[in-house]
Amino acid sequence: METAAALADMETDCLVHVFARLDLEDLAASAPLVCRGWRRAAADPSLWRALDLRRDHLARFMPWGPLAAAFARRYAVHRFSLAGFLRLCVSRARGSAEGVELPPLLADPADEIVHISLHCPRLRRLALPQLTAGDEARLLDLIPRWPLLEHLELDTKPSSSFPALAAQLALHCPGFASLKTSGAVKPEDAAALARSLPGLRSLCLDRSYLPREQLLAILAGCRDLREFCARGCVGFDDKDEKVLRRGARIQRFDVGGSKLLDDLEDEFAAGGGGFCDSSDVDVIVM
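Keep in mind that this is a model prediction, so the values were computed, not measured.

For a regular strand, the rule is simple: side chains alternate between the two faces of the sheet. Sheet analysis places strand β2 (residues 99-101) next to strand β3 (residues 125-128), joined by 3 bridges and oriented parallel. Counterpart to Glu 101 in the pairing with β3 is Ala 127. Assessed by its sense of winding, the connection that carries the chain from β2 through helix α7 (residues 109-119) to β3 is right-handed. Sheet topology places β3 next to strand β4 (residues 151-154); 4 bridges connect them, and they run parallel. In the sheet register, Leu 128 faces β4, and the bridge partner there is Leu 154. With helix α8 (residues 133-142) bridging β3 and the parallel β4, this β-α-β connection has right-handed handedness.

Any two side chains of opposite charge can pair if their charged atoms end up close together. Across all of its chains, the model carries 10 salt bridges by this definition. Measuring nitrogen to oxygen at the nearest pair gives 2.5 Å for the salt bridge that ties Glu 227 to Arg 252. Residue Glu 227 is located in strand β7 (residues 227-229), and its partner Arg 252 is located in strand β8 (residues 252-254); the two are separated by 25 residues in the primary sequence. The partly exposed category is assigned to Glu 227, whose relative accessible area is 26%.

Quick notes on the rules
- Residues numbered from 1 in each chain as written.
- Predicted model: local features only at pLDDT ≥ 70, side-chain atom pairs only at ≥ 80, totals over all residues.
- Heavy atoms only, no water.
- Pairing = 2+ DSSP bridges.
- Helix = DSSP H or I, 4+ residues; strand = E, 2+ residues; numbered from the N terminus.
- Right-handed = clockwise from strand over helix to strand, strands pointing away.
- Salt bridge = Lys/Arg side-chain N within 4 Å of Asp/Glu carboxyl O.
- Buried < 20%, exposed > 50% of the residue type's maximum accessible area, 1.4 Å probe, protein only.

The structure is reproduced here in structure tokens:
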């Protein structure tokens, strides 16, 4: 009996090693149906630590896609939903999930983020889709549940709660080192980064409205940066000498394609109508 049990454990360990190469879809809808041993191995929590639901999400998680068809055929699940699949993945992780990346397809991302906060206490990496102002405020209350958080990716920078978010990260996530987001960076946002998160190692602000003054304040305040990206931004010139001097100490410094707003206005003015009207400016600076 003991020998048989040892062999079974060895077989499971070998299968877990092989299954580490499978996608989440195969772990959920294919491997468990082969036999009891495969089902036991596919349920190993170590296989569910990295829950990347962003990659190719349109092809993977549409109701008419192959994963939905597999769940309908093999499990008689006829109303497949991304939220349901996410909860299945979180359940299989059994509290060991270290990375969660959510796509923009979720009907109610706030509910799923709350669910993740309750069942993924060991989270180190979190990527979130665009949130409403109300959901951004709820996020502030959830940050304390992830004391191991190191990286946060937000599709859109919180419009008014960013300074409070930076303060929460500084207070409750001592190992936090990497932030990626995009949006209008206001003076109070730059000040919050320098004040609350001066130890950031990586910061990505690609495709943001980032005035030169805010950029220089961030570079002056976040002295530990090893990687800084602000590609395709509006508000400063990627050939600005002072900006390049500040960035020279950073191992990877990339501001390619960024331009002053006036430069873009000049480009579009030749076509008539200018770059944007007053309402567009209001959107950019909000």
